[in-house]
Amino acid sequence: MEWTAPLLADPSLLFGAALLVMLAAILCAIVVSRKLLTSVALTGLFTLVAALWYIAMDAPDVAFTEAVVGGGVSTLILLGSILLTRESAEPVSPSRMVFPAIAVILAGVAILYAVGSIPGFGDPASPANASVGRDYLERTYKEVGIPNVVSAVLASYRGFDTLGETTVVFAAAVGVMLLLGFGERALGDPARRHEALNPDLVEEIDHHVVLRVATKIMIPLMFLFGLYVLFHGEVGAGGGFQAGVILAIALIVHALVFGLSETMRAFPAAAMRAGASAGVLIYAGVGVINMLNGGAFLDYDFLFPPPLEQALSGPDGHAGQHYGIIAIEIGVTATVASGITAIFYGFAGRAPDIASRGASRGPESGGGS
Amino acid sequence: MIDALATGYVYAIIVAMMMASLFVLLTTGNLIRKMIGLSLFQTTAGLFYIALSKVGGGTAPIIIDAESAVGQARAARLDPAYVEHFGVDGVVYGNPLPHVLILTAIVVGVATLSVGLAIAVRVREAYGDTELDAVRRADAAASEPEPPGPRGRPNA
């Protein structure tokens, strides 16, 4: 039987169409902008509007991640790297645009030709939506026992996949630390301690009493919210990745207002290195415990020895799944929070170099340390 | 045909945005701007995946009780036969699998972005600029004073 999707019964669709037009307009502005600061600000805006569009597409978990990661951390790291490099891009001569333009138009036409034969937008009977997606929806509550299907698929059914992604975040943090250091330069020179982030702000920051008082109240609340997102991820939108980023942002806000060296004394880079590795170890350790109890790697039904699992779960509970998912989400949170903070330390720790360069050395002489 | 136009515009806009961000990535010689283009390309690829996961009349894939007030209000807007056919226990949900894939892809995206930017910062420190043209000029200038060509090969 042919079904057409009842798109008109879905009020979010009009909302979604308006957001798509906004996204396209923002992207056009990014394409023509030459100032890197403008591009970065618009990129942050783009990801925030994309997050709203994900809400309209019934994907609150993705929206949450896009908002904290794309709108928060990406924008911050991009701003930091502009501070460390240059503020505007060289204009591109039109002759250099010809071949990319032809390549992009050909690729676009090819994709649009292929798009003509994929299922229509919102089609409930499309192969992706009707087979594997529906299977997860039908089985999750019976097999894993948690309402948020996205968390269950992420942490349980595809737990091995997520272990890999956590390791990627860990590896990226290690890579940035090897390239940029641990931010120790900010601690090294006491005379420049408070200049670590923005030398121009040092004079002004004492006037920002409101900012300091407000952040003192906000930072504990941000930590609390991060923990709520971590432990509530089974029931509603949220989970380890989002929680980790929120915790990292709380630390970054502290560094922005009170200076990097203050934050690095409270949360040393060594602790961040330990936290990032501990998270991956917790995750993989849960998998090994399952194997010791007779199950497969990351099969949380074997988190506890079978008699204990039966005693804890009762007739139709899933104690092993619950505790296993929480345990690996804690691992993910530890790695993401520590890893992103370490990445921030790496970028922010480079800032004193810029301050010391100043007017004495032109851009052509470079660093070359 | 009308149906294809009424719903196909979503894919068309997303593909156009993907190509625009790829254009930014290809044309610019500035390393930071290249990373911005790459990051936008990742975001637009995510938009495409999530567009495919949309189910008409669906709700977020967090299991709710069909008998509850929210569940009944959801079902009241739809044809009962449609809910019967495509719903799970009386509620129509979006497809959770693309959500999982894109959620993790976003986090991996910020990780790769930060490594790329860290390399750009080191390029700035080594060459004094992040424009590829300036880097190429510096490389050419560094290799010029050496006499080119292998003259007097030791083991010939």
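Here the structure is a predicted model, which is why all the values come from computation and not from measurement.

Novice: Help me understand the overall build of chain A in this model?
Specialist: Along the backbone of chain A there are 16 helices and zero strands. A buried classification covers 48% of the 369 residues belonging to chain A. Taking the contacts inside chain A whose residues are at least 6 apart along the sequence as the reference set, 70% of them involve residues at least 24 apart.

Novice: Honestly, the side chain of R350 of chain A in this entry has me stumped. Any pointers?
Specialist: When you line up the elements, R350 of chain A lands in the loop between α15 (319–349) and α16 (351–357). Exposure remark for R350 of chain A: the relative accessible area of 5% places this residue in the buried category. Among the polar contacts made by the side chain of R350 of chain A, one reaches the side chain of E125 of chain B at a distance of 2.5 Å.

Novice: Explanation requested: the nonpolar core in the structure shown.
Specialist: Grouped burial of nonpolar side chains is what soluble globular proteins tend to show. Counting 117 residues, the largest nonpolar core has W53, Y54 and F347 of chain A together with I14 and L47 of chain B as the members making the most contacts within it. A per-element tally of this core places helix α5 (residues 96–127) of chain B first, with 13 residues. Each of domain 1 (10–88) and domain 2 (148–360 + 365–369) of chain A gives at least three residues to this core. Not counting residues up to four positions away in its chain, the partners in contact with Y54 of chain A are A59, V62, A63 and E66 of chain A together with T43, G46, L47, I50 and I102 of chain B.

Novice: Is there a simple way to think about the domain arrangement of chain A in this case?
Specialist: In many analyses, interface size is given as the accessible surface area lost on bringing the parts together. Residue and element names in this part refer to chain A. Domain parsing of chain A yields domain 1 (10–88) and domain 2 (148–360 + 365–369). Listed as interface residues are twelve residues of domain 1 and, on the opposing side, 21 residues of domain 2. Taking both partners together, domain 1 and domain 2 bury about 1,400 Å²; carbon and sulfur atoms supply 83% of that area. Counting the surface domain 1 buries against domain 2, the share from its top three residues, D61, F64 and L84, is 42%. Residues belonging to the side of domain 1 that touches domain 2 are distributed by class as follows: nine nonpolar, two polar and one charged.

Novice: Whenever I open this one, α5 of chain B confuses me. Can you help?
Specialist: Along an α-helix, residues three or four apart share an orientation, since each turn contains 3.6 residues. With 32 residues, α5 of chain B ought to run about 46 Å at 1.5 Å a step, and its terminal C-alpha atoms sit 46 Å apart, in line with that. Buried residues dominate α5 of chain B, accounting for 23 of its 32 residues.

Novice: Even after reading the chapter, I still don't get helix α5 (residues 127–143) of chain A, so can you show me in this structure?
Specialist: All names here are of chain A. In this model α5 runs 23 Å from its N-terminal to its C-terminal C-alpha over 17 residues, within 8% of the 24 Å that 1.5 Å per residue would give. Residue G133 marks the point of greatest curvature in α5, where the axis turns by about 40°. Within α5, the full set of buried residues consists of N129, G133, Y136, L137 and T140. Positive phi appears at G145, one or two residues downstream of α5, with a value of about 80°.

Novice: Quick question: what am I supposed to make of the packing of helix α2 (residues 36–56) of chain A against helix α3 (residues 60–84) of chain A here?
Specialist: Helix-helix packing is described using two parameters, namely the angle between the two axes and the distance between the axes. All names here are of chain A. Running from amino to carboxyl end, α2 crosses α3 at an angle of 175°, the nearest separation of the two axes being 7 Å. With respect to each other, α2 and α3 are oriented roughly antiparallel. Every residue of α3 that contacts α2 at L36, L37, V40, G44, T47, L48, A51, Y54 and I55 is listed here: P60, V62, A63, E66, A67, G70, G71, T75, L78, L79 and I82. Looking at the contact of α2 with α3 residue by residue, the classes come out as 14 nonpolar, five polar and one charged.

Novice: Help me understand the packing of α3 of chain A against helix α2 (residues 31–53) of chain B, please; the structure alone is not making it clear to me.
Specialist: Contact pair α3 of chain A / α2 of chain B: the axes reach a minimum separation of 11 Å and the direction vectors enclose 175°. By the criterion of interaxial angle, the relationship of α3 of chain A to α2 of chain B is roughly antiparallel. Each of V62, E66, L78, S81 and I82 of chain A in α3 of chain A lies in contact with α2 of chain B, whose residues at this interface are I32, I36, T43 and I50 of chain B. Its residues assigned to classes, the contact of α3 of chain A with α2 of chain B shows six nonpolar, two polar and one charged.

Novice: What's the story with the confidence of the model for chain B in this structure? I'm lost.
Specialist: A low pLDDT means the predicted coordinates there should not be read in detail. Residue and element names in this part refer to chain B. Averaged over all residues, the pLDDT of chain B is 85; the fraction at 70 or higher stands at 88%. The secondary structure element of chain B with the lowest average pLDDT is helix α3 (residues 69–76), at 82, and the one with the highest is α2, at 94. Contacts of residues 152–156 to residues separated by more than four positions or lying in other chains number zero contacts, the stretch itself having pLDDT below 50. Confidence estimates for the predicted assembly give a pTM of 0.87 and an ipTM of 0.88.

The rules behind each value
- Residues numbered from 1 in each chain as written.
- Chains lettered and ligands numbered in written order.
- Predicted model: local features only at pLDDT ≥ 70, side-chain atom pairs only at ≥ 80, totals over all residues.
- Heavy atoms only, no water.
- Helix = DSSP H or I, 4+ residues; strand = E, 2+ residues; numbered from the N terminus.
- Buried < 20%, exposed > 50% of the residue type's maximum accessible area, 1.4 Å probe, protein only.
- Contact = heavy atoms within 4.5 Å.
- Polar contact = N/O pair within 3.5 Å; in protein donor to acceptor, adjacent residues only side chain to side chain.
- Core = buried A, V, L, I, M, F, W, Y, C linked by side-chain atoms within 4.5 Å.
- Domains from an automatic or database assignment.
- Buried area = accessible area lost by both parts, 1.4 Å probe.
- Nonpolar A, V, L, I, M, F, W, Y, C, P; charged D, E, K, R; others polar.
- Expected span 1.5 Å × (residues − 1).
- Bend = angle between axes of the 7 residues up to and from the residue.
- Axes fitted to C-alpha atoms, helices over the stretch in contact; angles between N-to-C directions.
- Parallel < 35°, antiparallel > 145°, perpendicular 65-115°, else oblique.
- pLDDT = per-residue confidence, 0-100.

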